[in-house]
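Here's the letter readout for the chains.
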Amino acid sequence: MQRYRQNRSRHFNMDIFKFGGASVKDAAGVKNLANIVRDYKKGNLLIVISAMGKITNRLEDLTHAFLSQNDEAHAIFEEIKHFHFGIIDELFQGNHHSVYDDVANTFVEIDWLIEDEPDQYHDYIYDQIVSIGEIVSTKIVAAWLNETGNKTLWADARNYIQTDNTYKEGKVDWAKTNQIIQKDLVPLLTDNIIVTQGFIGGTSENYTTTLGREGSDYSAAIFASCLDAAALTIWKDVPGVLNADPKWFDETALIAQLSYHDAIELTYYGATVIHPKTIKPLQNKGIPLFVRSFIQPEGSGTAITKDNNPLPIPSFIFKVNQALISIFPKDYSFIIEENLSNIFELFHRHKIKINTMLNSAISFSVSIDDHPVQIEKLIKDLSDEFTVKYNKGLELVTIRYYNQQTIDRVTVDKDILLEVKSRHTCQMVMKNKTV
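Residues numbered from 1 in each chain as written. Predicted model: local features only at pLDDT ≥ 70, side-chain atom pairs only at ≥ 80, totals over all residues. Heavy atoms only, no water.

As annotated in an unreviewed UniProt entry, the protein chain carries the name Aspartokinase and comes from Pedobacter terrae.

Undergrad: Would you mind going over unusual backbone geometry with me for this structure?
TA: Notably, phenylalanine 199 is not glycine yet its phi reads approximately 80°, a positive angle. Tracing the chain through its elements places phenylalanine 199 in the loop between strand 4 (193–197) and strand 5 (200–202). Positive phi is not limited to glycine here, since glutamate 214 has a value of about 65°. Within the secondary structure, glutamate 214 is located in the loop between strand 6 (208–210) and helix 9 (216–226). (Helix = DSSP H or I, 4+ residues; strand = E, 2+ residues; numbered from the N terminus.)

Undergrad: How should I be thinking about the domain arrangement of the protein chain in this particular structure?
TA: By a widespread convention, an interface's size corresponds to the accessible area lost as its parts come together. In terms of domain boundaries, the protein chain breaks down into domain 1 (15–236) and domain 2 (315–432). Domain 1 and domain 2 are separated by 36 Å when their C-alpha centres are compared. (Domains from an automatic or database assignment.)

Undergrad: How should the confidence of the model for the protein chain be read in this particular structure?
TA: Regions with low pLDDT carry predicted coordinates that are not meant to be interpreted in detail. For the protein chain, per-residue confidence averages 91 on the pLDDT scale, and residues scoring 70 or more make up 97% of the total. Mean pLDDT across the elements of the protein chain bottoms out in helix 1 (residues 2–9) (36) and peaks in strand 5 (98). Predicted confidence is poor over residues 1–10, with pLDDT under 50, and the contacts of this stretch with residues over four places away or in other chains come to nine contacts. (pLDDT = per-residue confidence, 0-100. Contact = heavy atoms within 4.5 Å.)

Undergrad: Looking at this model, I keep getting lost on a negative patch on the surface. Mind explaining?
TA: Taken together, the side chains of Glu115, Asp116, Glu117 and Asp119 make up a negatively charged region of the molecular surface. In this fold, aspartate 116 is placed in the loop between helix 5 (98–115) and helix 6 (122–130). (Patch = residues over 30% accessible without salt bridge, like charges linked within 9 Å, V, L, I, M, F, W, Y side chains within 5 Å. Areas by Shrake-Rupley, 256 points an atom, 1.4 Å probe, with all protein chains shown as cover. Salt bridge = Lys/Arg side-chain N within 4 Å of Asp/Glu carboxyl O. Lys, Arg positive; Asp, Glu negative; His and termini not counted. Charge placed at Lys NZ, Arg CZ, Asp CG, Glu CD.)

Undergrad: In this structure, what is going on with the sheet that holds strand 4? I would like to understand it.
TA: Adjacent strands of a sheet pair through backbone hydrogen bonds, lying either parallel or antiparallel. Pairing within the open sheet is mixed, and its eight strands lie in the order 3-4-2-1-7-9-10-8. The open sheet has two free edges, formed respectively by strand 3 (152–154) and strand 8 (257–259), since each of these has just one partner strand. On average, each strand axis in the sheet is tilted by 20° relative to the strand beside it, whichever way the strands run. Alignment of strand 7 (residues 231–236) against strand 9 (residues 289–293), held across five bridges, turns out to be parallel. Residue leucine 232 lies in a different strand from strand 9, and its bridge partner there is leucine 289. The sheet strands contacting helix 10 (residues 260–268) are strand 8 and strand 10 (302–305), and the helix crosses strand 8 at an angle near 85°. (Pairing = 2+ DSSP bridges. Axes fitted to C-alpha atoms, helices over the stretch in contact; angles between N-to-C directions.)

Undergrad: Where do I start with the packing of helix 4 (residues 73–92) against helix 5 in this structure?
TA: The relative placement of two packed helices is expressed as an angle between their axes plus a distance between the axes. Two numbers describe how helix 4 lies on helix 5: the axes approach to 11 Å, and their chain directions differ by 175°. On the basis of the axis angle, helix 4 is roughly antiparallel to helix 5. Facing helix 4, whose interface residues are His74, Phe77, Ile80, Lys81, His84, Phe85, Ile88, Asp89 and Phe92, helix 5 presents Val99, Tyr100, Val103, Ala104, Phe107, Ile110, Asp111, Ile114 and Glu115. Taken together, the residues that form the contact of helix 4 with helix 5 break down as twelve nonpolar, two polar and four charged. (Parallel < 35°, antiparallel > 145°, perpendicular 65-115°, else oblique. Nonpolar A, V, L, I, M, F, W, Y, C, P; charged D, E, K, R; others polar.)

Undergrad: Would you take a moment to explain the UniProt feature "domain: Aspartate/glutamate/uridylate kinase" (unreviewed entry) in the protein chain for this structure?
TA: Here the UniProt feature "domain: Aspartate/glutamate/uridylate kinase" (unreviewed entry) sits at residues 17–293. Taken as a whole, residues 17–293 contains 47% helix and 13% strand, while its terminal C-alpha atoms sit 12 Å from one another. (UniProt positions renumbered as here; feature names shortened; annotations may be inferred.)

Undergrad: Help me out: how do you make sense of the pairing of strand 15 (residues 414–421) in this one?
TA: Two faces make up the sheet, and in a regular strand the side chains alternate between them. With seven bridges connecting them, strand 15 and strand 16 (residues 425–432) associate as antiparallel partners. Among the inter-strand pairings, aspartate 415 is bridged to a residue of strand 16, identified as lysine 431. The loop that links strand 15 with its antiparallel partner strand 16 comprises three residues.

Undergrad: Please clarify how the sheet that holds strand 11 (residues 315–329) should be interpreted in this entry.
TA: The six strands are arranged 12-13-11-14-16-15 in an open sheet whose pairing can be described as antiparallel. Single-partner strands in this sheet number two, and they are strand 12 (354–359) and strand 15. Within this sheet the neighbouring strands show an average axis-to-axis angle of 30°, counted without direction. Sheet topology places strand 14 (residues 386–400) next to strand 16; six bridges connect them, and they run antiparallel. Bridging from a neighbouring strand, leucine 396 pairs with valine 429 of strand 16. Across the face of the sheet, helix 12 (residues 337–349) comes into contact with strand 11, strand 12, strand 13 (364–369) and strand 14 while running at roughly 10° to strand 13.

Undergrad: Sorry, what's going on with the side chain of threonine 209 here?
TA: Positionally, threonine 209 belongs in strand 6. Within the local environment of threonine 209, its side chain forms a polar contact with the side chain of threonine 163, the two groups lying 2.8 Å apart. Each residue touching threonine 209, except ones within four places of it in the same chain, is listed here: Asp127, Thr163, Asp164, Tyr167, Phe199, Ile200, Gly201, Gly202 and Thr203. (Polar contact = N/O pair within 3.5 Å; in protein donor to acceptor, adjacent residues only side chain to side chain.)

Undergrad: What am I meant to see in a nonpolar patch on the surface here?
TA: Where nonpolar side chains cluster on the molecular surface, the patch consists of Tyr332, Phe334, Ile336 and Ile362 and spans about 450 Å² of accessible area. Within the fold, tyrosine 332 resides in the loop between strand 11 and helix 12.

Undergrad: Just to check I follow, could you spell out the environment of isoleucine 132 for this structure?
TA: Within the element layout of this structure, isoleucine 132 appears in helix 7 (residues 132–147). Residue classification places isoleucine 132 among the buried positions, given a relative accessible area of 2%. Isoleucine 132 sits 76 residues away from threonine 208 along the chain, and the two C-alpha atoms are 9.8 Å apart. Apart from residues no more than four positions distant in its own chain, isoleucine 132 is found in contact with Leu59, Thr106, Phe107, Glu109 and Ile110. (Buried < 20%, exposed > 50% of the residue type's maximum accessible area, 1.4 Å probe, protein only.)

Undergrad: Honestly, the packing of aromatic side chains in this entry has me stumped. Any pointers?
TA: Pairs of aromatic rings are described using the distance from one ring centre to the other and the angle between the two planes. By the definition in use, this model includes 16 aromatic pairs. With a centroid separation of 6.0 Å and an interplanar angle of 65°, the aromatic rings of phenylalanine 85 and phenylalanine 107 are classed as edge-to-face. Taken together, the residues span a long stretch of sequence, with phenylalanine 85 in helix 4 and phenylalanine 107 in helix 5 at a distance of 22 residues. Each residue in the set Phe17, Phe19, Tyr40 and Trp235 is aromatic and connected to the rest through ring pairs, giving one cluster. Lysine 139 extends its terminal NZ or CZ atom over the ring of tryptophan 154, reaching a point 3.8 Å from the ring centre. For the cation-ring pair, lysine 168 lies above tyrosine 126, with the distance from its terminal atom to the ring centre recorded as 4.4 Å. (Phe/Tyr/Trp six-rings, centres within 6.5 Å; stacked < 30°, edge-to-face > 60°. Lys NZ or Arg CZ within 6 Å of the ring centre and 35° of its normal.)

Structural data, given as structure tokens:
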């Protein structure tokens with residue numbers, strides 16, 4: 001740890017801020033972001049920003065419409081353009097700022113693409129279209145920051161975060177990424193605030209890739225790690241990390257401090273406040289992660305650090321729309337390592353993530369997100385060797401630092417179909433009791 005401190009001391013003091021789509025969903029959000037940046041006085045700053053509002057969803061709709069050659073593609077695209085130019089109009093009061101042309105030229109890339117029939121495979125086209133949301137949002141925010149007296153440079157994350165050609169789930173080339181950031185990005189930070197994009201990267205052939213849905217947190221962690229940042233702050237619409245989702249609980253509590261370990265556990269089990277890949281790059285460098293509210297920026301939020309203190313209160317994670325698949329050998333033989341290897345290979349082939357699992361002598365059961373097309377193909381392949389049974393319309397509840405009282409709290413009027421317990425974590429797959 002001492003050697004790490006010495007290495008970091010050779011770098012200038014800097015922070016990484018990450019703002020998600022909710023924070024820049026309209027002109028008021030962009031202005032609020034600028035106010036938060038204005039109040040930052042500690043040192044150099046790099047800002048990672050997502051697409052505005054729900055634009056990623058609409059760009060996905062555009063992608064699907066284009067790939068299916070649906071007549072709605074152009075109407076969806078016009079709606080997307082209208083949304084962004086409306087925010088620019090409100091920010092710049094109709095003055096013909098250069099950002100109008102900058103954003104218009106960015107949209108031309110999609111215009112050219114959707115004028116032709118799709119001739120590339122789906123995931124490649126998805127990345128080229130959906131990534132435009134981050135490009136446009138950051139151009140608008142950078143223009144506004146400069147307009148309000150913050151000396152800002154827009155930087156294209158695709159020039160720095162280098163990935164392989166796995167579209168929709170780009171694998172980061174860490175050595176190359178670190179080398180480029182040190183060589184080309186560090187010199188820009190000494191005199192400027194840098195605004196760049198989350199979620200996207202670039203290949204050696206200069207094609208755009210994305211890092212996985214909701215991957216902007218991960219992007220911020222990549223920049224933080226490669227720049228040896230003092231801290232990463234993720235600005236959310238909640239006070240920090242809560243012990244439960246307010247959608248499911250009337251009463252929630254702020255967790256003021258989390259260990260890296262507990263944060264990884266919570267994201268693995270489905271907590272949505274932080275992207276699952278975010279923690280590891282920060283843990284490797286000992287960089288603290290703060291989760292704070294852009295609505296109440298004066299709040300202290302949650303600090304995620306190396307301090308390995310257990311959570312002071314139980315945490316609840318709900319995942320709905322679950323399917324429970326139970327797999328049995330056709331000849332009632334034992335489920336052994338060879339069977340499990342074949343089963344896991346099929347889950348991997350169909351890109352299905354297992355949320356919890358339980359095996360007995362002659363069965364193996366898993367809870368997964370209900371994606372009907374993928375599940376149908378999976379069950380078909382599993383059925384060649386196994387008997388398969390499944391239930392849908394279920395919910396998965398994970399309790400970190402559980403006790404019987406917390407279990408009783410979430411199982412009222414529920415039938416438990418599967419229960420898995422470890423020392424600190426309890427997971428239950430449940431359905432509503434039938435009358």
